[in-house]
Amino acid sequence: MSEIETIKCLIIGSGPAGYTAAIYAARAEMAPVLYQGMQPGGQLTTTNEVENFPGYADGVTGPEMMIQLEAQAKRFDTDVRFGFITKVDFSGDIHKCWADDGKEIHAETVIISTGASAKYLGLESEQKYLKLGGGVSACAVCDGFFYRGQETVIVGAGDSACEEAHYLSKLCTKVTMLVRRDEFRASKIMAERVKGTENIEILFNTETEEVLGDGQVVSGVRVNNNKTGDTTEIPCTGFFVAIGHKPNTDIFSDYLNLDETGYIKYEQPGTSKTNVPGVFVAGDAADKTYRQAITAAGTGCMGALDAERYLAAKGH
Ligand code: NDP
């Protein structure tokens, strides 16, 4: 039989949303327990330098920032645990969650900060340079600045790809956009904006075969035209992938209202409340628009404050 632990506040996930929720909940004496999840530190641990988080005038690396956030959460006695939640039951007043360490947790409040995962093409060369931090990224707003004055390539044809291509076009000398079909998926206005930008070249019917480089950094990409069969090489120092994100919300789908792509819906806009009282959401698990560390941290704060008020209203 699993060990049952009854707590006031469970935080699921350890990106900026989860750790910020933990700092606020711990300082409000809610004795939060935080499970770090499959990727401790979240998506930021795959970024190099973070230059747009206020307060770090000289920038900070993603992993270093997450170490700092974890230390700050622990300073106020958050119980940070390595492991993840495998199953939940949100049908009652007490929210039951099962962890991979064998614990059954009965939590009065739950703050979900499980984030989202960027989708990648899955090519061996793409993953190699991603892991090396050598020029592959899934976030133009985070990493585009490092490629200013250089040539970049971006894959994708949705609103994200168009938005990110446009963002890159302001920094880079040239942006080549690889679209696998002969049309965009993006809304007309976004596609038109990209088409109307002088330094963005759009290659339709084009798929990536390999990300090229010297073993340390990216120097180009080999692409294939799926209509003609022609193969060409495009020089670039940055290779951006913008083919969508998958929110990490599968285990909640029986209880929480999700949108058609799996993002958790806010029950009440302007709050962190879900459709289940006592269950709150923060960060990218509910955000397909902003997806920034600072917005995740902001909603993490909201999650903890809403959880605190929920407990106070119950007389706890
Ligand atoms: P989408 O799912 O809308 O688009 C993904 C794109 O990636 C598609 O064009 C798809 O091609 C392409 N793609 C998928 N897999 C591959 C692959 N293996 N190789 C090459 N291309 C691939 O994701 P987005 O992130 O763009 O958008 C998600 C949601 O967020 C949408 O609802 C969007 O409207 C919204 N959004 C809104 C914004 C705004 O309004 N400002 C900004 C950003 C997002 P194909 O078309 O061939 O399937």
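From a predicted model like this one, the values you see are computed outputs, not experimental measurements.

## Here's the deal with the state of the cysteines
As used here, a disulfide is simply a covalent bond connecting the sulfur atoms of two cysteines. What the rule picks out here adds up to one disulfide. Residue Cys-139 pairs covalently with Cys-142 via a disulfide, S to S 2.1 Å. Taking the torsion about the sulfur-sulfur bond, which here is approximately 75°, the covalent link between Cys-139 and Cys-142 counts as right-handed. Of all cysteine sulfurs, the one in Cys-172 lies closest to Cys-162, which takes part in no disulfide; the gap is 16 Å. Looking at the unpaired Cys-301, the closest cysteine sulfur is the one in Cys-9, lying at 13 Å. For Cys-301, a relative accessible area of 15% corresponds to the buried category.

## Quick notes on the layout of surface pockets
Over the atoms rolls a probe the size of a water molecule, and its path tells where empty space is left. Here the second largest pocket defines a volume of roughly 860 Å³. Around the second largest pocket, the lining comprises 32 residues; the ones closest to its centre are Gly-158, Arg-185, Ala-242, Ile-243 and Gly-244. Those elements that provide at least two residues to the lining of the second largest pocket are helix H5 (159–169) and strand S14 (206–213). Tallying contributions element by element places H5 first for the lining of the second largest pocket, with four residues. Its residues assigned to classes, the lining of the second largest pocket comprises twelve nonpolar, ten polar and ten charged. Here the lining of the second largest pocket spans two domains, and each of domain 1 (4–117 + 245–313) and domain 2 (120–241) adds at least three residues to it.

## Quick word on the domain arrangement of the protein chain
Domain boundaries assigned for the protein chain yield domain 1 (4–117 + 245–313) and domain 2 (120–241). One C-alpha centre belongs to domain 1, the other to domain 2, and the line joining them spans 31 Å. On the side of domain 2, eight residues touch domain 1, which itself brings eight residues to the contact. Both sides together, the interface formed by domain 1 and domain 2 hides about 680 Å², and carbon and sulfur atoms give 43% of it. Our count for the domain 1 to domain 2 interface comes out at zero salt bridges. In this structure, the connection of domain 1 to domain 2 is made through one residue pair in polar contact (both at pLDDT 80 or more). Of the residues belonging to the side of domain 1 that touches domain 2, the class tally is no nonpolar, five polar and three charged.

## Quick word on the pattern of salt bridges
Throughout the structure, instances matching the rule amount to twelve salt bridges. Close ionic contact of Arg-181 with Glu-183 constitutes a salt bridge, the shortest N to O distance being 3.0 Å. Since its relative accessible area comes to 35%, Arg-181 is described here as partly exposed. On the basis of relative accessibility, which here comes to 43%, the residue Glu-183 falls in the partly exposed class. Put simply, Asp-250 and Lys-246 hold a salt bridge, and the shortest N to O gap is 3.1 Å. The exposure class of Lys-246 is partly exposed, given its relative accessible area of 39%.

## Side note on the site of the ligand
Taken together, 13 residues lie near the ligand, and Asp-159, Ser-160, Arg-180, Arg-181 and Arg-185 sit nearest. The contact in question runs from an oxygen atom of the ligand to an N or O atom on the side chain of Arg-180, over 2.9 Å. A distance of 2.7 Å separates an oxygen atom of the ligand from a polar atom in the side chain of Arg-181. For the ligand, the protein covers 70% of the area, taking 920 Å² as the surface of the free molecule. One can see that the ligand is located within the second largest pocket. In the shell around the ligand, the residues fall into four nonpolar, three polar and six charged.

## Brief notes about the nonpolar core
Counting residues in hydrophobic clusters, the biggest one holds 29 residues, and the most contacted among them are Ile-11, Tyr-19, Met-65 and Ile-111. Elements with a minimum of two residues in this core: strand S1 (3–12), helix H1 (16–27), helix H2 (62–75) and helix H7 (293–313). It is H7 that provides the largest number of residues to this core, a total of seven residues. When near neighbours in sequence (up to four residues on either side) are disregarded, Ile-111 contacts Cys-9, Leu-10, Ile-11, Ile-12, Ala-21, Phe-280, Ala-282, Gly-303, Ala-304 and Ala-307. If you look at the next biggest cluster of nonpolar residues, it comprises 22 residues, including Leu-10, Ile-12, Cys-97 and Phe-252.

## Thoughts on the sheet that holds strand S13 (residues 200–203)
The five strands lie next to each other as S10-S17-S11-S12-S13, forming an open sheet whose pairing is parallel. Edge positions in the open sheet fall to strand S10 (136–137) and S13, since each of these has one partner strand only. Inspection of the sheet shows strand S11 (residues 151–155) paired to strand S17 (residues 238–241) by four bridges, in the parallel sense. In the strand pairing of S17, Val-155 is matched with Val-241.

## Regarding the sheet that holds strand S15 (residues 218–225)
Taken in spatial order, the three strands make up an open sheet running S14-S15-S16, and their pairing is antiparallel. Of all the strands in the sheet, just S14 and strand S16 (231–235) have a single pairing partner and so form its edges. On average, each strand axis in the sheet is tilted by 25° relative to the strand beside it, whichever way the strands run. Relative to S15, S14 is paired through seven bridges, and the arrangement is antiparallel. Each residue of the ladder has a partner; that of Glu-210, found in S15, is Arg-222.

What counts and what doesn't
- Residues numbered from 1 in each chain as written.
- Predicted model: local features only at pLDDT ≥ 70, side-chain atom pairs only at ≥ 80, totals over all residues.
- Heavy atoms only, no water.
- Disulfide = S-S within 2.5 Å.
- Buried < 20%, exposed > 50% of the residue type's maximum accessible area, 1.4 Å probe, protein only.
- 1 Å grid on protein atoms, 1.4 Å probe; cavity = no way out; pocket = protein on both sides within 12 Å on 5 of 7 lines; lining within 4 Å.
- Points joined across faces, edges and corners; volume = space filled by probe spheres on them.
- Helix = DSSP H or I, 4+ residues; strand = E, 2+ residues; numbered from the N terminus.
- Nonpolar A, V, L, I, M, F, W, Y, C, P; charged D, E, K, R; others polar.
- Domains from an automatic or database assignment.
- Contact = heavy atoms within 4.5 Å.
- Buried area = accessible area lost by both parts, 1.4 Å probe.
- Salt bridge = Lys/Arg side-chain N within 4 Å of Asp/Glu carboxyl O.
- Polar contact = N/O pair within 3.5 Å; in protein donor to acceptor, adjacent residues only side chain to side chain.
- Near = heavy atom within 4 Å.
- Areas by Shrake-Rupley, 256 points an atom, 1.4 Å probe, with all protein chains shown as cover.
- Sits in = over half its atoms within 2 Å of the grid points.
- Core = buried A, V, L, I, M, F, W, Y, C linked by side-chain atoms within 4.5 Å.
- Pairing = 2+ DSSP bridges.
- Axes fitted to C-alpha atoms, helices over the stretch in contact; angles between N-to-C directions.

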